[in-house]
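Observations on chain architecture
One letter stands for each residue in the lines below.
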Amino acid sequence: MPTETLAVEGIRLGCTATSREDAIDQVGKVLLEIGAVSAEYLPAMHEREQSVSTFIGAQVAIPHGTDASREFVKRTSLAVLQFPDGVDWGGHDVRMCVGIAANGSEQVGILSALAHVLLDDDKAAELRSAADAETVIRLLDSLGEEKNQ
């Protein structure tokens, strides 16, 4: 996963959220702050969640917009927010939200890389409990290195 897709500025650790909607708002605001999306993308993240849950297991959710909202993506980026106390995600406990802003098929590569980390219980636990942004970047960037070996 290229570093420009996930930068320190897009990572927030130790967050709290009162609800799934609050967590999605926070993730969307980070994507907006880092210049990945225009404001119109944020409501589409809630639309996506209403049509299908973005909970993917391992205490992780991947909020993202609808297919129609791709026009509001300025550049492919991730926003990673850690919620140590958890967020109720439709009956699931979520500790990490990975907000995705992607054009076209770029999202497939991002999801594949994330799934690779989450399938490794140790790496998934390290990601959820990361104490600094560099740990998050190292875990997600290490995927490209592993695939090239």
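Residues numbered from 1 in each chain as written. Predicted model: local features only at pLDDT ≥ 70, side-chain atom pairs only at ≥ 80, totals over all residues. Heavy atoms only, no water.

Summed over the entire model, instances satisfying the criterion amount to six salt bridges. The partner of arginine 70 in a salt bridge is aspartate 67, with the nearest N and O atoms 3.4 Å apart. Judged by its relative accessible area of 52%, aspartate 67 falls in the exposed class. The salt bridge partner of arginine 138 is glutamate 126, with a shortest N-O separation of 2.4 Å. Placement of arginine 138 in helix H5 (residues 133–148) and of glutamate 126 in helix H4 (residues 121–128) is noted, with a sequence separation of twelve residues between them. (Salt bridge = Lys/Arg side-chain N within 4 Å of Asp/Glu carboxyl O. Buried < 20%, exposed > 50% of the residue type's maximum accessible area, 1.4 Å probe, protein only. Helix = DSSP H or I, 4+ residues; strand = E, 2+ residues; numbered from the N terminus.)

Attention now goes to the packing of helix H1 (residues 20–33) against helix H2 (residues 41–51). Two elements in contact, H1 and H2, have axes whose closest approach is 9 Å; the angle formed by their N-to-C orientations is 145°. Crossing geometry of H1 relative to H2 is assigned as right-handed. In this structure, H1 uses Arg20, Glu21, Ile24, Asp25, Val27, Gly28, Lys29, Leu31 and Leu32 to contact H2, whose residues at the interface are Tyr41, Leu42, Met45, His46 and Glu49. Looking at side-chain class alone, the contact of H1 with H2 contains seven nonpolar, two polar and five charged residues. (Axes fitted to C-alpha atoms, helices over the stretch in contact; angles between N-to-C directions. Left-handed = near helix turned anticlockwise from the far one by under 90°. Contact = heavy atoms within 4.5 Å. Nonpolar A, V, L, I, M, F, W, Y, C, P; charged D, E, K, R; others polar.)

Turning next to the sheet that holds strand E3 (residues 60–61). Taken in spatial order, the five strands make up an open sheet running E1-E4-E5-E3-E2, and their pairing is mixed. Looking at the sheet topology across the chains shown, the edges are occupied by strand E1 (11–12) and strand E2 (55–57). (Pairing = 2+ DSSP bridges.)

Our focus in this paragraph is the confidence of the model for the protein chain. Looking at the protein chain, the pLDDT average stands at 89 and 93% of residues meet or exceed 70. Averaged pLDDT values over the elements of the protein chain bottom out at 69 in H5 and peak at 98 in H1. (pLDDT = per-residue confidence, 0-100.)

Tracing the chain through its elements places alanine 17 in the loop between E1 and H1. Among the residues examined, alanine 17 registers a relative accessible area of 18% and is labelled buried. Residues alanine 17 and leucine 118 lie 101 residues apart in sequence; the distance between their C-alpha atoms is 22 Å. Not counting the four nearest positions on each side in its chain, alanine 17 is found in contact with Asp22, Ala23, Gln26, Phe83 and Val87.

Attention now moves to the pairing of strand E5 (residues 92–101). With seven of ten residues buried, E5 is to be regarded as a mostly interior element. The pairing of E3 with E5 spans two bridges and is parallel. The residue of E5 that forms the bridge with valine 60 is methionine 96. Direction of pairing for strand E4 (residues 77–89) relative to E5: antiparallel, over a ladder of nine bridges. The residue of E5 that forms the bridge with aspartate 88 is aspartate 93. Here E4 folds back onto E5 in antiparallel fashion, the turn holding two residues, of which glycine 90 has a positive phi close to 60°.

What follows is about the packing of helix H3 (residues 106–118) against H4. Two quantities define a packed helix pair, namely the angle between the helix axes and the distance between the axes. For the pair H3 and H4, interaxial distance at closest approach is 6 Å and the crossing angle is 105°. Looking at the two axes, H3 sits roughly perpendicular to H4. The segment H3 lies against H4, with Leu114, Val117 and Leu118 engaging Lys123, Ala124 and Leu127. (Parallel < 35°, antiparallel > 145°, perpendicular 65-115°, else oblique.)

Leu31, Val37, Phe83, Trp89 and Cys97 are the most contacted members of the largest nonpolar core, which has 23 residues in total. For this core, the secondary structure elements donating two or more residues are H1, H2, E4 and E5. Setting aside its immediate chain neighbours within four residues, leucine 31 contacts Ala36, Val37, Tyr41, Met45, Ser77, Leu78, Ala79, Gly99, Ile100 and Ala101. Within the second largest apolar cluster, 22 residues are counted, among which are Val60, Ile110, Leu118 and Leu140. (Core = buried A, V, L, I, M, F, W, Y, C linked by side-chain atoms within 4.5 Å.)

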